[in-house]
Protein chains: 2
Amino acid sequence: MTSSTPSRSRRNGAREDRVERGIPEATVARLPLYLRTLTALSERGIATASSEDLATSAGVNSAKLRKDLSYLGSYGTRGVGYDVEYLRYQIAREIGLTQDWPVVIVGIGNLGHALANYSGFASRGFRVVSLVDTDPKRVGETVGDLQIEAYATLQQIIDEHRVAIGVIATPAGAAQQVCDDLVAAGVTSILNFAAAVLSVPDGVDVRKVDLSIELQILAYHEQRKALAAGGAAAAALEDGVEALEVDTA
Amino acid sequence: MTSSTPSRSRRNGAREDRVERGIPEATVARLPLYLRTLTALSERGIATASSEDLATSAGVNSAKLRKDLSYLGSYGTRGVGYDVEYLRYQIAREIGLTQDWPVVIVGIGNLGHALANYSGFASRGFRVVSLVDTDPKRVGETVGDLQIEAYATLQQIIDEHRVAIGVIATPAGAAQQVCDDLVAAGVTSILNFAAAVLSVPDGVDVRKVDLSIELQILAYHEQRKALAAGGAAAAALEDGVEALEVDTA
DNA sequence: AGGAGTTTGTGAACGTGAGAACAAAATCGA
DNA sequence: TCGATTTTGTTCTCACGTTCACAAACTCCT
C-alpha cells in the first residue's frame, strides 16, 4: 500500500532507520489516538504523564505505547514520564499535522453533508476547501460555509488549492470513476466511504471506511455470543447436525 | 475483545474447531467484503467463480481468499471453483446475516442523520428501529421514516425491539455515559463514531470508526511521499540535522 | 553523596497473519 | 479408461505485531 522503498543504504542510528523505513503501520494507526489523548490531558492542565497514564487514557497496553513512541525518538525521561506538550508536538510533527492539509469531498449526499460539517477535521489541520458533486442540480447549493461546485471543475480546484487528499462519498457505482479522476488530477491519498474496492496506481494510498462492514463484524460476534449462551444445541441442529455431542462441563 | 472461550474439549474435525475457536479476526473482517463481491457477481448473473476471480474482484490475494473460505468449511469444487449463490449464503449465515439485527442510533446530529438515512444498513439485514437524542428539542423530529425519541425511553426501546447493537454518534463528551446506559440496558455490541475511547465490561464488543484518524494516517503517508520526492535535504535541515549524508544512488 | 524508588527504552519470546508452493480432487477430451 | 488440465485446500515459511521482563537512567530523600 505504502510506496515501497526498500532499505537502500545501511548505516547505524535508529533515527536514520526511521527516516529510511518509516514507522510500522500499526504504530502509525495509533499515533492519532495518542495525540488526542495528549491534547485532552493538556487541556486539563496536566504537564507530565507516565506511559502508564497515557496508556490507560488511550486504552492500550503501556508497553505497546512505549514501543510505539520509541519509534519517533527518545522523548521521555526515565523516572519521570513524558512532557505532555512536547510529546504532543513531536507526534503532530511526525504525522504531518504541523502543516495544513486541504481536502476535497466528492459526492455530497447524506454522508458528504455530514463530512462537510464535521468539526473533527478542521480542528486537526484538515481544511475542506471544496465540495463537488456530479449532479448539476446540486451545484450552487450551500453546505456549511461552502458552495457545491461542478464536477467539471475538479482539476482546477485541485490545482488551485494544491489538494493532495480526496474524500469519496459517492454511491458505489461512481466511486472508481471519481477515484480515477482524482488521481489524474494529482490527488495521491484517498479516503473512500463508498462500498467499492478501488484500484489505484502505485504511489497512491487508499483507506476505506465501510460502515456496513463494521456492523457485520459486530453481528458475527453477537451471533457467537448468542450461540455460546445456551443456543448451542439449537444451532447445531440448524447447522445440519454434524456431531451433536455437547460436552456437559 | 471477543469473549474468551478457551478450547474446552479436544476432538477431531476442522468444523468442530471452528465452532470452538471461531474464525480469525482478520478473516472475519474480510468476509463482508467477499459477501459484497459475491452479491455483485450474482447480480451480473454469474453462477460460478474461481478463487482467482473472487480475489481479483475483492482486491485481495487468491491464496488468502482460499484460506479465509476454508475456515468456513469446504464449499468449493476443485477444478471448478465456487458456486456463487451457495457460497454467498454460507458466508451470510456465518456472519449472522440470515437473521435481522435491530439497531438503535444514539445522537442524531450531522452524522446520526446520515447514518439513519444510510441505505447500506437496511440492505444487509440491519434495521434501524429507533433514533434517540438527549436534546429534548430534537425529540419528535422526523428523520427518514422514524421520529427521534427521548433519551429516557432508551431502556424501553431496547427491551421492546430486543436491540443487541447500538450505534453512538454523539459528541465525544457524552459517549461514555451513553455507552454505559446502552450496556446497562442490555446492548452487547457497540459501533462508536465518537472521538472517545470507550471502556466496557467483558463480553461487550466495541468497534470504533474515527474519521479524523483515517485522515491523519493518510496525512502521514502523504508527508512521507512529499519528503521522499526531493524535499529530503530540506526536511533533514528542519529536523535538526543529525546526519546529512544523502546517498546519491 | 548515596541509596531507594520510578519509569523509560528495548531485547527476547510468543502469537497471529500473509503468501508461496504443492498435493489432492475434480473436469474434460480422446 | 486414462492422461492432461484446472483449481481447491492445506502445509510451510517468513514477516509483523504484541507482550513480558529487565537493565539503564532519572528523581528524591536522607
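In the block above lies the structure referred to throughout.
Residues numbered from 1 in each chain as written. Chains lettered and ligands numbered in written order. Predicted model: local features only at pLDDT ≥ 70, side-chain atom pairs only at ≥ 80, totals over all residues. Heavy atoms only, no water.

## Digging into the sheet that holds strand β7 (residues 146–150) of chain A
Operational definition: Should DSSP find at least two bridges between two strands, the strands are taken to pair. Helix and strand assignments follow DSSP, with helices taken as H or I runs no shorter than four residues and strands as E runs no shorter than two, numbered in order from the N terminus. Contact definition: two residues touch when any of their heavy atoms are within 4.5 Å. Think of each axis as a best-fit line through the C-alpha atoms, taken over the contacting stretch in the case of a helix, with angles from 0 to 180 degrees between the N-to-C directions.
Strand order in the open sheet formed by seven strands is β6-β7-β5-β4-β8-β9-β10 (chain A), and the pairing between neighbours is mixed. The outermost strands of the open sheet, each flanked by one partner alone, are β6 (142–143) and β10 (205–208) of chain A. One ladder, built from four bridges, connects strand β4 (residues 101–106) of chain A with strand β8 (residues 165–168) of chain A; its direction is parallel. Along β8 of chain A, the bridge assignment pairs Val103 of chain A with Ile165 of chain A. Where helix α8 (residues 154–161) of chain A meets the sheet, it contacts β4, β5 (126–133) and β7 of chain A, and its direction lies at approximately 165° from that of β5 of chain A. Sitting on the sheet, helix α10 (residues 211–228) of chain B touches β4, β5, β8, β9 (189–192) and β10 of chain A, and the angle it makes with β9 of chain A is about 165°.

## Quick look at unusual backbone geometry
Trans peptide bonds make up most of the peptide bonds, and negative phi angles are found at most residues other than glycine. Residues and elements named next belong to chain A. Convention followed: Only protein chains enter the accessibility calculation, which uses a 1.4 Å probe; a residue is then buried when its area is under 20% of its type maximum, exposed when over 50%, and partly exposed in between.
Of note, Arg162 is a non-glycine position whose phi angle comes to about 55°, a positive value. Take Arg162: it is sitting in the loop between α8 and β8. Its relative accessible area of 69% is what places Arg162 among the exposed residues.

## Focus on the pairing of β7 of chain A
All names here are of chain A. Sheet analysis places β5 next to β7, joined by three bridges and oriented parallel. If you follow Leu131 over to β7, its bridge partner there is Ile148. Of the strand pairs in this sheet, β6 and β7 are connected by two bridges, and their pairing is antiparallel. Counterpart to Val143 in the pairing with β7 is Leu146.

## Comments concerning helix α5 (residues 84–95) of chain A
All names here are of chain A. Basically, it comes down to this: Helices are assigned an expected span. That span is 1.5 Å times one less than the residue count. The term polar contact refers here to a pair of N or O atoms within 3.5 Å; inside protein, the definition further demands a hydrogen-donor-capable atom paired with an acceptor-capable atom, and it admits residues adjacent in sequence only when both atoms are side-chain atoms.
Helix length check: α5, at twelve residues, gives a terminal C-alpha distance of 17 Å against a target of 16 Å (1.5 Å per residue), a fit within 8%. Inspection of α5 places Val84, Leu87, Gln90, Ile91, Ala92, Glu94 and Ile95 among the buried residues, and these make up the whole buried set. One side-chain oxygen at the N-terminal end of α5 lies 3.2 Å from the backbone nitrogen of Glu85; it belongs to Asp83.

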